[in-house]
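Architecture and fold: a report
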Amino acid sequence: MKKFTLSILSFFLILGSIYAQENLTYQKPPQEILELVDVPLAPTTIVDSEGEKMVFLYRDQYKSIAELSEEELRLAGLRINPVTNISSRATYYNNIEMQAIDGDEPTPITGLPENPRLSNFSWSPDETKMAFTHTSDTGVALWVVDFETTEARELTPAKLNANMGNTINWFKDNSAILVKMLPEDRKELIDTETSIPTGPTVSVSDGKEAQNRTYQDLLKNPNDEYNFEQLAHAELVKVSLDGTTSNWKESDMYSSISFSPDGNYVMVTTIDRPFSYLVPYYRFPSVSTVYDINGQKINTVNQVPLIEDLPKGFMATQKGKRNFQWRHDAPATLIYVKALDEGDPEVEVSHRDEVFQLDAPFSGDGKSLIKTIDRYAGITWGNDNTAIIEDRWWNTRNTRTYVFDPSDATKEPKVLFDRNYQDIYSDPGNFVTTDNEFGESVLELKNNNTFLLGNGFTEDGQFPFVDKLDLENGETERLYQSNYNDKKESLVKALDMEEGELLVRIESSTEYPNYYLRDIYEEEELTQITSFENPFKSLEEVSKEVITYEREDGLTLTGTLYLPADFDKENPEKLPLIIWAYPREYKDKNSASQNTSNPNDFTYPYYGSPIYWVNRGYAVLDDAAFPIVGEGEDQPNDTFKEQLVANAKAAIDAVDEMGYIDRDRVAVGGHSYGAFMTANLLSHSDLFAAGIARSGAYNRTLTPFGFQSEERNYWEAPEVYNTMSPFMNSEKMKTPLLLIHGEADNNSGTYPMQSERYFNALKGLGATARLVMLPKESHGYSAKESVLHVLWEQDQWLEKYVKNKDKNTVKNESEVLND
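Residues numbered from 1 in each chain as written. Predicted model: local features only at pLDDT ≥ 70, side-chain atom pairs only at ≥ 80, totals over all residues. Heavy atoms only, no water.

Examining the overall build of the protein chain
Counting its secondary structure elements, the protein chain contains 11 helices and 49 strands. Principal-axis analysis of the C-alpha atoms gives the protein chain an extent of 90 × 75 × 60 Å. Counting the 819 residues in the protein chain, one finds 54% classified as buried. Counting only contacts in the protein chain whose residues sit at least 6 apart along the sequence, the fraction spanning at least 24 positions is 58%. (Helix = DSSP H or I, 4+ residues; strand = E, 2+ residues; numbered from the N terminus. Buried < 20%, exposed > 50% of the residue type's maximum accessible area, 1.4 Å probe, protein only. Contact = heavy atoms within 4.5 Å.)

Looking at the packing of helix α6 (residues 640–657) against helix α7 (residues 673–684)
Interhelical geometry of α6 versus α7 gives an angle of 90 degrees and a closest axis separation of 10 Å. Between α6 and α7, the crossing angle belongs to the class labelled roughly perpendicular. Residue-level contacts link Phe640, Lys641, Leu644, Val645 and Ala648 of α6 to Tyr673, Phe676, Met677, Asn680, Leu681 and His684 of α7. Within the contact of α6 with α7, the residues separate by chemical class into eight nonpolar, two polar and one charged. (Axes fitted to C-alpha atoms, helices over the stretch in contact; angles between N-to-C directions. Parallel < 35°, antiparallel > 145°, perpendicular 65-115°, else oblique. Nonpolar A, V, L, I, M, F, W, Y, C, P; charged D, E, K, R; others polar.)

Here we look at the environment of Asp341
Looking at the secondary structure, you find Asp341 in the loop between β21 (333–339) and β22 (353–359). Setting aside residues no more than four positions away along its own chain, Asp341 makes contact with Val347, Val349, Arg352 and Arg375. Engagement of the side chain of Asp341 in a polar contact is seen with the side chain of Arg375, the distance being 3.0 Å. (Polar contact = N/O pair within 3.5 Å; in protein donor to acceptor, adjacent residues only side chain to side chain.)

Regarding the packing of aromatic side chains
Counted under the stated rule, the structure contains 38 aromatic pairs. Pairing Phe567 with Tyr660 gives two aromatic rings, centres 5.3 Å apart and planes at 85 degrees, and the pair type is edge-to-face. Placement of the pair is Phe567 in the loop between β41 (556–563) and β42 (575–581) and Tyr660 in the loop between α6 and β46 (661–671), with a sequence separation of 93 residues. Take Phe567: its relative accessible area is 14%, and that puts it in the buried class. The structure contains a cluster of three or more aromatic residues connected by ring pairs, namely Tyr582, Phe640, Tyr673, Phe676, Phe705, Phe707, Tyr714, Trp715 and Tyr721. (Phe/Tyr/Trp six-rings, centres within 6.5 Å; stacked < 30°, edge-to-face > 60°.)

Re a negative patch on the surface
On the surface, a cluster of negative charge is made up of Glu50, Glu52, Asp102, Asp104 and Glu105. In this structure, Glu52 sits in the loop between β1 (44–47) and β2 (53–58). (Patch = residues over 30% accessible without salt bridge, like charges linked within 9 Å, V, L, I, M, F, W, Y side chains within 5 Å. Areas by Shrake-Rupley, 256 points an atom, 1.4 Å probe, with all protein chains shown as cover. Salt bridge = Lys/Arg side-chain N within 4 Å of Asp/Glu carboxyl O. Lys, Arg positive; Asp, Glu negative; His and termini not counted. Charge placed at Lys NZ, Arg CZ, Asp CG, Glu CD.)

Description of helix α4 (residues 222–232)
Among the 11 residues of α4, eight are classified as buried, and the element is accordingly described as predominantly covered. Listed as buried for α4 are Asp224, Glu225, Asn227, Phe228, Glu229, Gln230, Leu231 and Ala232. Buried residues belonging to α4 abut β3 (73–75), β4 (78–81), β14 (234–240), β15 (245–252), β16 (254–259) and β17 (265–271). For α4, the N-terminal cap is Asn221; the gap from its side-chain oxygen to the backbone nitrogen of Asn223 is 3.1 Å.

Structural notes on the layout of surface pockets
Taken as a whole, the largest pocket spans an internal volume of roughly 1000 Å³. In this structure, the largest pocket is lined by 30 residues; those nearest its centre are Gln21, Glu22, Arg770, Leu771 and Val772. Where the lining of the largest pocket is concerned, the elements lending two or more residues are α1 (2–19), α9 (752–764), β49 (769–774) and α10 (784–803). As a volume, the second largest pocket reaches approximately 800 Å³. For the second largest pocket, the lining is made up of 34 residues, of which Leu41, Thr44, Arg59, Asp60 and Gln61 are closest to its centre. Breaking the lining of the second largest pocket down by element, the ones donating at least two residues are β1 and β37 (501–507). Looking at side-chain class alone, the lining of the second largest pocket contains 17 nonpolar, eight polar and nine charged residues. (1 Å grid on protein atoms, 1.4 Å probe; cavity = no way out; pocket = protein on both sides within 12 Å on 5 of 7 lines; lining within 4 Å. Points joined across faces, edges and corners; volume = space filled by probe spheres on them.)

Focus: the sheet that holds strand β18 (residues 286–292)
Spatial strand order, β16-β17-β18-β19: four strands in an open sheet with antiparallel pairing. Edge strands, defined here as strands with exactly one partner in the open sheet, are β16 and β19 (297–304). Ignoring which end each strand starts from, the neighbouring axes of this sheet average 15 degrees apart. Looking at chain direction, β18 and β19 are connected through six bridges and run antiparallel. When the sheet's bridge partners are listed, Val290 is paired in β19 with Asn299. (Pairing = 2+ DSSP bridges.)

A few points about the side chain of Glu440
Note that Glu440 resides in the loop between β29 (433–435) and β30 (441–443). Residue classification places Glu440 among the buried positions, given a relative accessible area of 15%. A distance of 2.7 Å separates polar atoms of two side chains, one belonging to Glu440 and the other to Lys172. Residue contacts for Glu440: discarding those within four places in its chain leaves Lys172, Pro261, His328, Thr434 and Asp435.

Considering α7
Over its 12 residues, α7 extends 16 Å from the first C-alpha to the last, a length consistent with the 16 Å expected when each residue adds 1.5 Å. Counting buried positions along α7 yields 12 of 12 residues, so the element is predominantly enclosed. Restricting attention to buried positions, one finds in α7 the residues Tyr673, Gly674, Ala675, Phe676, Met677, Thr678, Ala679, Asn680, Leu681, Leu682, Ser683 and His684. (Expected span 1.5 Å × (residues − 1).)

Focus on the confidence of the model for the protein chain
When pLDDT is averaged along the protein chain, the result is 94; 96% of the residues meet or exceed 70. Scored below 50 in pLDDT, residues 1–19 makes three contacts in the model with residues more than four places away or belonging to other chains. With pLDDT under 50 throughout, residues 810–819 is counted as low confidence; its partners more than four residues away or in other chains account for zero contacts. (pLDDT = per-residue confidence, 0-100.)

Written out as structure tokens, the structure is:
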């Protein structure tokens, strides 16, 4: 009996060790990492359309875990704080400054609220003021700053409803703002944790295919429906700048509000029932109505039913009218799009979409303007006779850019560019726009010429450019090209093409990005506007270079290699290496082999970066190219596993051949799809000593209707889904893997359950793994406590299983012998 009792006791001790959890408080990483995390951010910079003033918005780099712990409801794809009535994940700023472009120093804005939590910034039409919201403990208030007096003041009490966004909309005469306010008759919300159910939740399939992605935060039951409806309801209220208010429209579920360019009409879209438990709110039924400036109805222009059953494919879209918006170059003209293939990519047609124009009083059907060969992707309006339209087709990665005459649909559109949008070397750039008399962005036109700002990626490096394009013959003339080899110049905004004045940003690997005025006709004329300092001093002496190498099939790959500041390249010490990457799918090898890394990008160690570890004695290959290519009829994922391993081997071989690393001490890591990559590499190769996988998905049968760039569903390609799923290959895991996941991850497909179930499989099969679940965190991590702890976890893992791999192996063998 004693022997039996001891056996039972031993069994439960073993069971306890299998399921034991660590009771751990938030930890901090070593000082070498900590000093790079807790630094002040340079401000977000906003420039007015005339290029006369800059607004600087300041914020803390991270939230606190207390902020993330505020009350939150997750409904219909939204995350809402029901107490304050704004997104529970909103980013807040805490200070504002303004500086004239030709000024020396920024001017602080006075009168800001105590403990500012500012968001929803919106220029007035004349750009002399800016409205914004302030979120207090009790709600959201409307504020405005006057840039002539540099003073801010409150316009409303904390009663705005910012749950659905689109909260602030200026009247075009600059005198007032149309806002969403909490309705007076809002009912109490249902506490779904304590409420007593009145029956089961029943969902029904009526025989139609509804192959939807795995959306998160959906409605789940009638209580959710009720709460969503209460939180979505708002009244539209006109708030004058003197603080007086008047009701504009009664309570409804308003999703979007848009003034016509001349300000005489307002298009308002409302959400309607029935709701859905399969798709987010933006696919619920909706009604779009045009009102006059006083809120009197003119006409209903569109009614969209519930969209649960789109055809299969990334290029699928809804039937009927869609994409209603105001035409920027006309006082009050609506445009919309209709699919000519019923929204089904499988239907063969000569043209996929048709664009229509609808004039006041906005009744009936509009007149046709143009048909696009592939799916409509947007219009840049110029004038009565000139506009630019783009279409796109994901399956071929093709995009076309046309110039057409909106006044004459019988004129054949002229194709300006017809290219693979993944071929970044052929990217012609973005069209330069300017504000017209309505304050709307339209094409910058000089005679029959327009202008393009390009990123300028080439085989030899990145050299941004300005081109003049003749719309008649399609010929381009280069007006300016950056020639920096030791810095990076980004063309931010064309301020005056007549004078050749551009706002640019210049940086280097150690020089923080700052703004300058560039005269492209006098290239030596460069006027510095801002002087932000580099807060990451300990990285200034780090070695950084973009290396180029080949995969075994000849595909050219690149990565950015960092080496410690004191590393001697002439007499190199063999360092441990961290490879950080994110796989991307391509349909041709030419695009897959192109380089978009610039060694002169400022070295910025954000929360998820591996760069911290260069100060801990590691070599780091960041943004290593991991292309997955499928040409012709072949799909990239048909050979995902093989290409993944080939990419990894090529990266290790390249750095090893430089003599810098110990290839037995190499770690691999990634976030989201990069985490998926990491788990697959550890399962199907012996190249690595350890891995770090953050916020990933590991069982593709849980995303059965497509994932990432995989368009086929599970039942069409079960072998692909199973082969690509690390969960299905858990028995092959022989390498230590650190799994990290936010408990509140809302990214499509990366449910927290993905990491939990994968860890359970690994643990059950005897793999070395650790699972860290971060309370309150979503797909990315935003609380300072969480970020510091993640860095500590990663550092502990790398030190144990990579840098000190041999010592750890000896120790483990010793423990086995002692047992």
